[in-house]
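An overview of the molecular structure
In case you want the letters, here they are:
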Amino acid sequence: MKKYYTRACNFYYGKSAGILIKKKAALSLCGQKDIAFDCIEIFTRDKNKVISKVINLKNINKLNRSEKTKVQSDLKKITSKRKNFLKNLKFSKPLIMGILNLTPDSFSDGGKYNSKDKSLKHIAEMIKSGADIIDIGGESTRPGSKTIHPSIEWKRIKLVVQKFKRRFKKTCLSIDTRKSEVMINSLRYEADLINDVSGFSHDKNSLKIVGKYKIAKVLHHMQGSPSTMQKNPKYNNVLLDIYDFFEKKIENNFYNRNIILDPGIGFGKTLKHNLTLISKISLFHSLGLPVLIGTSRKKFINQISGINDSADRTGGTLASVLFLLSQGVQIFRVHNVNEIKQGILVFKRILTN
């Protein structure tokens, strides 16, 4: 059976976007007035065979009935304004998720902020620099890492989570965990968002928890587990396989639509997989939900830059963030908040001038 997918492409920005939208020569991306598109890429999947074509919006009526029906349905989602389900935040502007790893073994900053005072100071610095969300994790999910007991994970983050809303009341608190016990404990201290890299498949009780509490969540894609994910990952088509994963999870596992999508750069993907996802990221807008991407300090930057690699990979991170921003991505998970915020501010001003 054939299946069709729709990706917005050929974007316009700033005043040009607004003019084209008013003339009905282009459509608004995710309800934004400063990003528009006038073409779509249509993927057709028939078993394992995938073909694609790019057409102008004015040629939609020339499509066959099945294609036309699916494209029109997708366009409603692509152009719709994203529901603002996180308190004090709007998805109409770029949002930064600052990373706080309270682990001894995370790939880039393990052990750096493990005291309560250092953690709280770093949170304050990230918020001052422009972080809209703080993502706190107590278990490393770097390639090859092993699962730890929930009690150990909770012990690592407990004091910071307990104090977070007292100190940073208006900032969104995200908990990076795969375990229902850690989720429940965090929700007692007003966590706003659950970010589960396993896509809520590691712990059978996690879906019950997010459903019961109606908590916002990041639906993340990972092939395998952290200990196995980089051992020869394979896909029929990485872009469409992950789209299908999201679509199935959304339809079958969640009672509410307070969902953010994260295709999981570096989580069970080769360099080619990562580059395909980044370059074609606008496909996921046709699911009608906000998109989050974490490229910060990832290995693919080293694989591309070679001798120009650096410890914090800020240049490569920023390059990927700005490209993703131009494709309408709403949330960026990063370590170096100030540098990324600076880059976004300058890029946006140039893009929309």
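Look up: the structure comes first, before these words.
The notes below deal with the structure included here. (Residues numbered from 1 in each chain as written. Predicted model: local features only at pLDDT ≥ 70, side-chain atom pairs only at ≥ 80, totals over all residues. Heavy atoms only, no water.)

Read from one edge of the open sheet, eight strands run S10-S9-S8-S7-S6-S5-S12-S11, paired in parallel fashion. This sheet does not close on itself; its edge strands, each paired only once, are strand S10 (259-262) and strand S11 (292-293). Relative to strand S6 (residues 133-137), strand S5 (residues 95-101) runs parallel, the two sharing five bridges. In the strand pairing of S6, Met97 is matched with Ile133. Seen against the sheet, helix H3 (residues 116-129) touches S5 and S6 and runs at an angle of roughly 165° to S5. (Pairing = 2+ DSSP bridges. Helix = DSSP H or I, 4+ residues; strand = E, 2+ residues; numbered from the N terminus. Contact = heavy atoms within 4.5 Å. Axes fitted to C-alpha atoms, helices over the stretch in contact; angles between N-to-C directions.)

Our focus in this paragraph is the packing of helix H10 (residues 314-326) against helix H11 (residues 337-351). Between H10 and H11, whose axes approach to 10 Å, the crossing angle comes to 40°. Relative to H11, H10 is oriented oblique. Where H10 crosses over H11, the handedness of that crossing is right-handed. Counted together, Thr314, Thr317, Leu318, Val321, Leu322, Leu325 and Ser326 of H10 and Glu339, Ile340, Gly343, Ile344, Phe347 and Lys348 of H11 form the full contact between these two elements. (Parallel < 35°, antiparallel > 145°, perpendicular 65-115°, else oblique. Left-handed = near helix turned anticlockwise from the far one by under 90°.)

Checked against the element boundaries, Asp135 lands in strand S6. Taking the C-alpha atoms as reference points, Asp135 and Ile123, 12 residues apart in sequence, are found 9.7 Å from one another. Setting aside residues up to four positions removed in sequence, Asp135 forms contacts with Met97, Gly98, Ile99, Leu100, Ser174, Ile175, Asp176, Asn195 and Arg333. Polar contacts involving the side chain of Asp135 include one to the side chain of Ser174, which spans 2.6 Å. (Polar contact = N/O pair within 3.5 Å; in protein donor to acceptor, adjacent residues only side chain to side chain.)

The periodicity of an α-helix, 3.6 residues per turn, causes residues three or four places apart in sequence to face the same way. Relative to the 22 Å expected for 16 residues at 1.5 Å per residue, helix H7 (residues 238-253) spans 22 Å between its end C-alpha atoms, a close match to the ideal helical length. Along H7, the residues that are buried comprise Val238, Leu239, Leu240, Asp241, Ile242, Tyr243, Phe246, Glu247, Lys249 and Ile250. (Expected span 1.5 Å × (residues − 1). Buried < 20%, exposed > 50% of the residue type's maximum accessible area, 1.4 Å probe, protein only.)

What follows concerns a positive patch on the surface. A cluster of basic side chains, namely Lys22, Lys33, Lys81 and Lys90, defines a positive patch on the protein surface. Mapped onto the secondary structure, Lys81 falls in the loop between helix H2 (65-79) and S5. (Patch = residues over 30% accessible without salt bridge, like charges linked within 9 Å, V, L, I, M, F, W, Y side chains within 5 Å. Areas by Shrake-Rupley, 256 points an atom, 1.4 Å probe, with all protein chains shown as cover. Salt bridge = Lys/Arg side-chain N within 4 Å of Asp/Glu carboxyl O. Lys, Arg positive; Asp, Glu negative; His and termini not counted. Charge placed at Lys NZ, Arg CZ, Asp CG, Glu CD.)

Turning next to unusual backbone geometry. Not every positive phi belongs to a glycine, and Asn88 is a case in point at roughly 70°. Among the structural elements, Asn88 can be located in the loop between H2 and S5. Asn88 sits in the exposed class, given a relative accessible area of 54%. Of note, Arg313 is a non-glycine position whose phi angle comes to about 50°, a positive value. By secondary structure assignment, the location of Arg313 is in the loop between helix H9 (299-305) and H10.

This part covers the packing of aromatic side chains. Going through the model one piece at a time under the given rule, you end up with eight aromatic pairs. Judged by centre distance (6.4 Å) and plane angle (25°), the rings of Trp154 and Tyr189 are stacked. Taken together, the residues Trp154 in helix H4 (residues 150-167) and Tyr189 in the loop between helix H5 (180-187) and strand S8 (193-196) connect sequence positions 35 residues apart. A relative accessible area of 11% places Trp154 in the buried class. In this structure an aromatic cluster arises from ring pairing among Phe245, Phe246 and Phe284. (Phe/Tyr/Trp six-rings, centres within 6.5 Å; stacked < 30°, edge-to-face > 60°.)

Turning to helix H6 (residues 206-213), a few remarks are in order. Among the residues making up H6, those that are buried are Ser206, Leu207, Ile209 and Val210. Buried residues in H6, looked at end-on, bunch into an arc of 160°, giving them a common side. Exposed residues on H6 whose side chains face more than 90 degrees from its buried face are Lys208 and Lys212. Residues of H6 that are buried in the fold lie against H5, S8, strand S9 (216-220) and H7. Positive backbone phi, approximately 50°, marks Lys214, located one or two places after H6. (Arc of directions from axis to C-beta.)

Further remarks concern the pattern of salt bridges. Under the definition given, this model contains 17 salt bridges. The residue Glu67 makes a salt bridge to Lys53 at a minimum N-O spacing of 3.0 Å. Here the residue Glu67 occupies a position in helix H2, and Lys53 occupies one in strand S4 (residues 49-56), the gap between them amounting to 14 residues. Of the residues examined, Glu67 reaches a relative accessible area of 6% and is grouped as buried. Ionic pairing is found between Glu139 and Arg178, a salt bridge with its closest N-O pair at 3.1 Å. With Glu139 in the loop between S6 and H4 and Arg178 in the loop between strand S7 (172-176) and H5, this pair connects stretches of sequence that are 39 residues apart. Take Glu139: its relative accessible area is 6%, and that puts it in the buried class.

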